[in-house]
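# Examination of the molecular architecture
Now for the letters of each chain:
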Amino acid sequence: MNEPQAQLSKRSSDSLQIADGARASRCPVEHGSSSAGPCLPAPSVRAAGTEQRGPRTGSAPTSHHFFCARAAAAETRAPEKSGRRQPGAAAIMNAQVIQLEDGWNKLKTGGVLKIEEILEDASGGVYKHRISTDEYSQLYTTVYTMCTQKPPNNWSEPLYNNYCEAVIDYLTARILPRIKEKHDEAMLRELVRRWENHKTIIRFLSHVFKYLDRFYVKRLSLPELAEVGSQKFLEIVFNAVKREVRTAILELVRRERECEQVDKQLIKSVIDIFVEMGGSRASLETYATDFEEMLLSTTADYYSRESAKWAGNDSFPEYMRKAEDRLKQEQDRVANYLHSSTEEKLLKVCEEQLLQNPEQQLLEKEHSGCEKLLLDNKTEDLSRMFRLFSRIPTGLPPIANIVRKHITDVGLALVKKQSVNAEGDLMPYVQELLDIHDKYTELVGSGPEKGCFQGHNIFHKAMKEAFEVFVNKDIGKSATAELLSNFCDNLLKKSGERLSDEALEDKLEKVVRLFGYLSDKDIFAEFYKKQLAKRLLLARSSSDDAERSMIAKLKLRCGAQFTSKLEGMVTDMNLSQDIQSAFAEHVKDKELELDTDLTVQVLTTGFWPTYKSDELNLPKEMLQCIETFKAFYDLRTSHRRLRWVHSLGSATVVGKFTPSGKSKEHDLLVSTHQACILLLFNEADSMTFSDIQGHLNLPAEELKRYVLSLCVGKYKILTKDPAGKEVAPTDKITYNAAFSDRARRIKVPMIAAKITQEEKDATRATVDEDRKHAIEAAIVRIMKTRKSLDHQKLVLEASTQLMRHFKPDPKQIKKRIEDLIHREYLERDPSNPNLYKYLA
């Protein structure tokens, strides 16, 4: 008998606290209180006959502001010691037995009905009546007593059932009719008020029946009292009005979308009810099923109509501004009163109706579509377009296709325009290509928040594919690879475009980016190598740092193999300086006397372009110097042979003239061939063209260029009879003693030899020959690794390896395979002709 009471004693004192800190009395209420009896169950009796107190009841925690704050009345003390005899245990027990009907009537009248009336009479959150702390204590004590009495007077189960019936009666008779008699917003306000009142009642009654909740409910695993209250509201009230409520909310949402003012707090309160109907586990099933699904459906219908109306009446930019504004409004709508889980679904529906479904129609809109925005360079609208359509999975590819087509059309139009003047100066065309590339690079952007398309990969790819189409188109008979090389030459040579170091570096970087689109990079490399050689050998380079920088950029893009020869050329120039210094020391140590100063640049044959050797007959002054250097070089090296390339040499010749009978000298900066011609006139004042050719042993066509540069060029150091630009073998060439110029030092220019089509074809032939070796090397590398491979896979892998330098022709690859089979590097499988095997 004592065991359950010991358990109650241990647990009941843990949390039964009134909000203001007061405790329920452990004895009859003092000062003539109207309490009907003690707040405790009767004490149990020990076997030895001694008295033992039962557990303290305490009081349930509460914060309801309709309680009277009577701390003095609630604060109780144990009875003082006195000489009065305490009543016996049996008497106390009999006095405390409460019958079900009496106890329930007390609880219903003083608790259930009274709190309902208090809430009904409340106005604006102000309560006209309140429940005192004493009344609350009595109610709690009544429940406690009825639940702890010995059978057959233990009323836990009937109390639980009566509580449930009371809640059902209250909802059915008082709440539901009040809500149903109202409509639209008034119904929503009534629902919100009734739900708040219901929660307050359930909270209060849960505290009053706390003992029932803690022991009886928990022991039998029944729904807790608060849960019963919420569940009954869902079943009786919410399910009965949820359709009308949902319709009213959706109407308010529609009105707000039409820019009407609505009570957002009211909508939020009703939405919260849908959420709270999910129960104590915070399930959103009720919210999603009974409200969210219909919200998404009506939203889709609404924006479908709006989209069709805007698409028909507005321009593409105006449509996008409206769509962007509406998407922002929907985000704000979620923040204001919808549940946060709805945001992603709601925006997805809006995006489908406003962007995904009409995308193609919008992008192709006449006079305002994507193509028009690109033509007019409407960066703000293009940025908005990217922001909007990047929200949907399939939004960007259609835009990228339009961008690709637009850039391609712009480039092909430029190619077509330039092809009309293919024989003119093509450097402005290259500059226009760079300008187009700058424009669309800025448009695409390099990263987040940069450019209209924020550096998105799909637009970089579209731009690359577009440029690859027209950059690889030839202008007349000139390939873009050749033109780019000429443009670089113009930037890097002294007589070219004058730029600051920063501007030069920036322009070279842009050229290399354009170079990246070339499919025949090896053609560029061959032309660039020849022009670099001239700049280095003829001291025409404007900046050694710029030359190294350009080579480094090409190396970064195409690899070390691509630039190995270019780097070797620069290295040769540095080594030549060391050799020249050693030669000067050699001449000084040996006390050799040379008729003229000599500077020699020793080049490695494999790095430099192939130059024609000529059998030029050098004057004795030059011949002596060359023989001296050859002897010096033979001492330094072994197994190396010098081959002299006079066409790249230069000389400074002192010319003595007598204009107006006065003696005058000029330092003439000329090529080696020009110097040889001038030195002939130390022996005679005039001679025929055929005589000069006989002395120098040069081909007639080549010699004509050198003679004309001295006769009819800017500086007429020699004269020709008859005058004119045609040279016949019998033409008389005479030393012009009357020549004069203001400058002491004169650089005599050569008559520029136009790069003939034969020379271009020769360059391409060199490239083709190099390609053969590159293809064979790639095939052998692959087969050495794989040992055996079928034809298609071999062609594919070889193409992939070679694509970095040039785009190989599959037919050419096949020819190289056949040649390697003939030379016994590969063999065909006897049973499968398409399968190749590597021969070690």
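Our subject is the structure that appears above.
Residue positions are given per chain, counting from 1 as you read along its sequence in written order. Given that this is a predicted model, residues contribute local features only at a pLDDT of at least 70 and side-chain atom pairs are listed and counted only at 80 or more, while totals for whole chains, interfaces and linings are drawn from all residues. Excluded from the side-chain calculations are hydrogens and water; all other atoms, namely the structure's heavy atoms, are used.

Now for the packing of helix α12 (residues 316–336) against helix α16 (residues 379–389). Remark: α12 packs on α16, axes separated minimally by 10 Å, with the N-to-C direction vectors making an angle of 45°. By the angle between their directions, the pair α12 and α16 is classed as oblique. As for how α12 packs across α16, the hand of that crossing is left-handed. The segment α12 lies against α16, with Phe-316, Pro-317, Met-320, Arg-321, Glu-324 and Leu-327 engaging Asp-381, Arg-384, Met-385, Arg-387, Leu-388 and Phe-389. For the contact of α12 with α16, the class distribution of residues is 7 nonpolar, no polar and 5 charged. The angle between two axes is taken between their N-to-C directions and runs from 0 to 180 degrees, where each axis is a line fitted to C-alpha atoms and a helix contributes only its stretch in contact. A run of H or I in DSSP counts as a helix once it spans at least four residues, and a run of E counts as a strand once it spans at least two, with each numbered from the N terminus. The labels follow the angle: roughly parallel below 35 degrees, roughly antiparallel above 145, roughly perpendicular from 65 to 115, and oblique for the rest. Handedness of a crossing is defined here by the sense of rotation of the near helix relative to the far one, left-handed for an anticlockwise turn of less than a right angle and right-handed for a clockwise turn. Contacts are residue-level and defined by heavy atoms, with any inter-residue pair within 4.5 Å sufficient. Residues are sorted three ways: Asp, Glu, Lys and Arg are charged, Ala, Val, Leu, Ile, Met, Phe, Trp, Tyr, Cys and Pro are nonpolar, and all the rest, Gly among them, are polar.

Moving on: unusual backbone geometry. The general pattern is negative phi for most residues beyond glycine and trans for most peptide bonds. Each neighbour pair has its own omega, and for Pro-151 with Pro-152 the value is 10°, a cis peptide bond. Structurally, Pro-152 can be placed in the loop between α5 (133–148) and α6 (156–180). The step from Asp-721 to Pro-722 runs through a cis peptide bond, and the omega angle for that step is 0°. Tracing the backbone through its elements, the reader meets Pro-722 in the loop between β4 (718–721) and β5 (732–735). Located in the positive-phi region is His-367, a residue other than glycine, with phi close to 70°. Here His-367 is to be found in the loop between α14 (359–363) and α15 (370–375). The cut-offs for exposure are 20% and 50% of the maximum accessible area for each residue type, with area from a 1.4 Å probe on protein chains only; residues under the lower value are buried, those over the upper are exposed, and the others partly exposed. On the basis of relative accessibility, which here comes to 63%, the residue His-367 falls in the exposed class. At Ala-539, a position not held by glycine, the phi torsion is positive, near 55°. Structurally, Ala-539 is set in the loop between α22 (521–537) and α23 (544–558).

So, about the side chain of Glu-351. Locating Glu-351 in the fold gives a position in helix α13 (residues 342–356). Residue class for Glu-351 comes out buried when judged on its relative accessible area of 11%. Of note is the side chain of Glu-351, whose polar atom sits 2.8 Å from the side chain of Arg-391. Setting aside residues no more than four positions away along its own chain, Glu-351 makes contact with Leu-327, Gln-356, Arg-391 and Ile-392. Nitrogen and oxygen atoms within 3.5 Å of one another constitute a polar contact, given that in protein one can donate a hydrogen and the other can accept it, and given that sequence-neighbouring residues count only through two side-chain atoms.

Okay, empty space enclosed by the protein next. Where empty space is left becomes clear once a probe the size of a water molecule has been rolled over the atoms. In this analysis, the protein atoms alone were mapped onto a 1 Å grid. Cavities are point sets where a 1.4 Å probe fits without being able to get out; pockets are open sets with protein on both sides within 12 Å along at least five of seven lines; lining residues have an atom within 4 Å of a point. Grid points are joined across faces, edges and corners, and a volume is the space filled by probe spheres set on the points. With the rule as written, the count across this model stands at 1 cavity of 30 Å³ or more. Of the pockets and cavities examined, the largest cavity occupies roughly 40 Å³. Lining the largest cavity are Val-112, Glu-116, Ala-166, Val-167, Tyr-170, His-198, Ile-201, Ile-202 and Leu-205. Counting only elements with at least two residues in the lining of the largest cavity, the list comes to α4 (100–121), α6 and α7 (184–208). Sorting elements by how many residues they give to the lining of the largest cavity places α7 first, with 4 residues. Taken together, the residues that form the lining of the largest cavity break down as 7 nonpolar, 1 polar and 1 charged.

Okay, the packing of helix α18 (residues 427–444) against helix α21 (residues 501–515) next. Across the interface, α18 lies against α21 with an axial gap of 10 Å and an inter-helix angle of 85°. Considered as vectors, α18 and α21 are oriented roughly perpendicular to each other. Residue-level contacts link Gln-431, Leu-433, Leu-434, His-437 and Asp-438 of α18 to Lys-507, Lys-510, Val-511, Arg-513 and Leu-514 of α21. Tallied by class, the residues present in the contact of α18 with α21 amount to 4 nonpolar, 2 polar and 4 charged.

This part is about the pairing of β5. At least two bridges found by DSSP between two strands is the condition for calling them paired. Where strand β3 (residues 686–688) meets β5, 3 bridges bridge the pair, whose relative direction is antiparallel. Looking at β5, one finds that Ser-686 is bridged to Thr-734. Where β4 lies against β5, 4 bridges are found, and the strand directions are antiparallel. Bridged to Lys-720 within β5 is Ile-733.

A separate point is a negative patch on the surface. On the surface, Glu-585, Asp-589, Glu-591 and Glu-593 cluster together into a patch of negative charge. Tracing the backbone shows Glu-585 in helix α24 (residues 560–590). Within this analysis, patches are made of residues with over 30% relative accessible area and no salt bridge. Like charges are joined at 9 Å or less; nonpolar side chains (Val, Leu, Ile, Met, Phe, Trp, Tyr) at 5 Å or less. Using a 1.4 Å probe, the Shrake-Rupley method yields the accessible areas, and only the shown protein chains count as cover for residues. Only one rule defines a salt bridge in this text: a Lys or Arg side-chain nitrogen within 4 Å of an Asp or Glu carboxyl oxygen. Charge assignment: positive for Lys and Arg, negative for Asp and Glu; neither His nor the chain ends contribute. To locate a charge, take NZ of a lysine, CZ of an arginine, CG of an aspartate or CD of a glutamate.

Note: strands within a sheet are paired through backbone hydrogen bonds, in either parallel or antiparallel orientation. Spatially, 3 strands are ordered β1-β2-β6 in an open sheet, and the strand pairing comes out mixed. Because the sheet does not close on itself, it has two edges, and the strands there are β1 (650–657) and β6 (745–747). Geometrically, the sheet is characterised by an average inter-axis angle of 25° between neighbouring strands, direction not taken into account. The pairing of strand β2 (residues 664–671) with β6 spans 3 bridges and is classified as parallel. Looking across to β6, one finds that Asp-667 is bridged to Arg-745. Sheet strands touched by helix α26 (residues 672–680): β1 and β2. Its angle to β2, the strand with the most contacts, is close to 140°.

Quick look at the nonpolar core now. Ranked by size, the top nonpolar core spans 166 residues in total, and within it Leu-159, Phe-209, Ile-249, Met-385, Phe-389, Phe-453 and Phe-524 carry the most contacts. Considering each element in turn, this core owes the most residues, 14 residues, to helix α9 (residues 225–257). Look past the residues within four positions of Leu-159 in its chain and what remains in contact with it is Trp-104, Leu-107, Val-143, Met-146, Cys-147, Phe-209 and Leu-212. What makes a nonpolar core is a set of buried Ala, Val, Leu, Ile, Met, Phe, Trp, Tyr and Cys residues whose side-chain atoms join them at distances within 4.5 Å. Formed by 34 residues, the second largest nonpolar core is a distinct cluster that contains Phe-657, Ile-677, Phe-689 and Val-727.

Together, Lys-494, Arg-498, Lys-530, Lys-534, Arg-540 and Lys-747 line one region of the surface with positive charge. Considering the arrangement of structural elements, one finds Lys-530 in helix α22.

Here the focus is α9. Compared with an ideal rise of 1.5 Å per residue, which puts 33 residues at 48 Å, α9 spans 41 Å between its outermost C-alpha atoms and falls more than 12% short. Working definition for bend: take the seven residues up to and ending at a residue and the seven starting at it, fit an axis to each, and measure the angle between the axes. Most pronounced at Lys-242, the bend in α9 amounts to some 55°. Following α9 by one or two positions, Cys-259 adopts a phi angle in the positive range, close to 70°. One less than the residue count of a helix, multiplied by 1.5 Å, gives the span that helix is expected to have.

Our next topic: the pattern of salt bridges. Following the criterion strictly, the structure yields 59 salt bridges and no others. A salt bridge links Lys-630 to Asp-634; the shortest N-O distance between them is 3.4 Å. With a gap of 4 residues between them, Lys-630 and Asp-634 both fall in helix α25 (residues 620–636), about one helical turn apart. Judged by relative accessible area, which is 36%, Lys-630 ranks as partly exposed. Asp-634 sits in the partly exposed class, given a relative accessible area of 39%.

Taking every second residue as pointing to the same face, the buried face of β1 carries Ala-651, Val-653, Gly-655 and Phe-657, while none of Ser-650, Thr-652, Val-654 and Lys-656 on the other face is buried. Here β1 folds back onto β2 in antiparallel fashion, the turn holding 6 residues, of which Ser-660 has a positive phi close to 55°.

A few words now on the sheet that holds strand β9 (residues 832–838). The strand order across the open sheet formed by 3 strands is β7-β9-β8, and the pairing between neighbours is antiparallel. What marks the edges here is a single partner per strand, and that holds for β7 (788–790) and β8 (826–829). Within the sheet, the average angular offset between the axes of one strand and its neighbour, ignoring direction, is 35°. In the packing of helix α30 (residues 791–802) onto the sheet, the strands contacted are β7 and β9, and the crossing angle to β7 comes to about 95°. Contacting β8 and β9, helix α31 (residues 810–822) crosses the sheet at an angle of about 100° to β8.

A few words now on the packing of aromatic side chains. Centre distance within 6.5 Å is the pairing criterion for rings of Phe, Tyr and Trp, where only the six-membered ring of Trp is used; planes under 30 degrees apart are then read as stacked, over 60 as edge-to-face, and the remainder as tilted. Tallied over the entire structure, the rule returns 28 aromatic pairs. Here Tyr-302 and Tyr-303 contribute two aromatic rings whose centre-to-centre distance is 5.0 Å and whose plane-to-plane angle is 80°, an arrangement assigned as edge-to-face. Tyr-302 sits in the buried class, given a relative accessible area of 5%. Measuring from ring centre to ring centre gives 5.7 Å for Phe-629 and Phe-632, while their planes differ by 55°; the resulting arrangement is tilted. Pair noted here: Phe-629 and Phe-632 are both in helix α25, with a separation of 3 residues, about one helical turn. Any Lys NZ or Arg CZ that is within 6 Å of a ring centre and within 35 degrees of that ring's normal is treated as a charge sitting over the ring. Geometry around Phe-515 places Lys-521 over its ring, the cationic atom sitting 5.9 Å from the centre. In this structure, Arg-705 is placed above the aromatic ring of Tyr-706, and the distance from its NZ or CZ to the ring centre is 5.6 Å.

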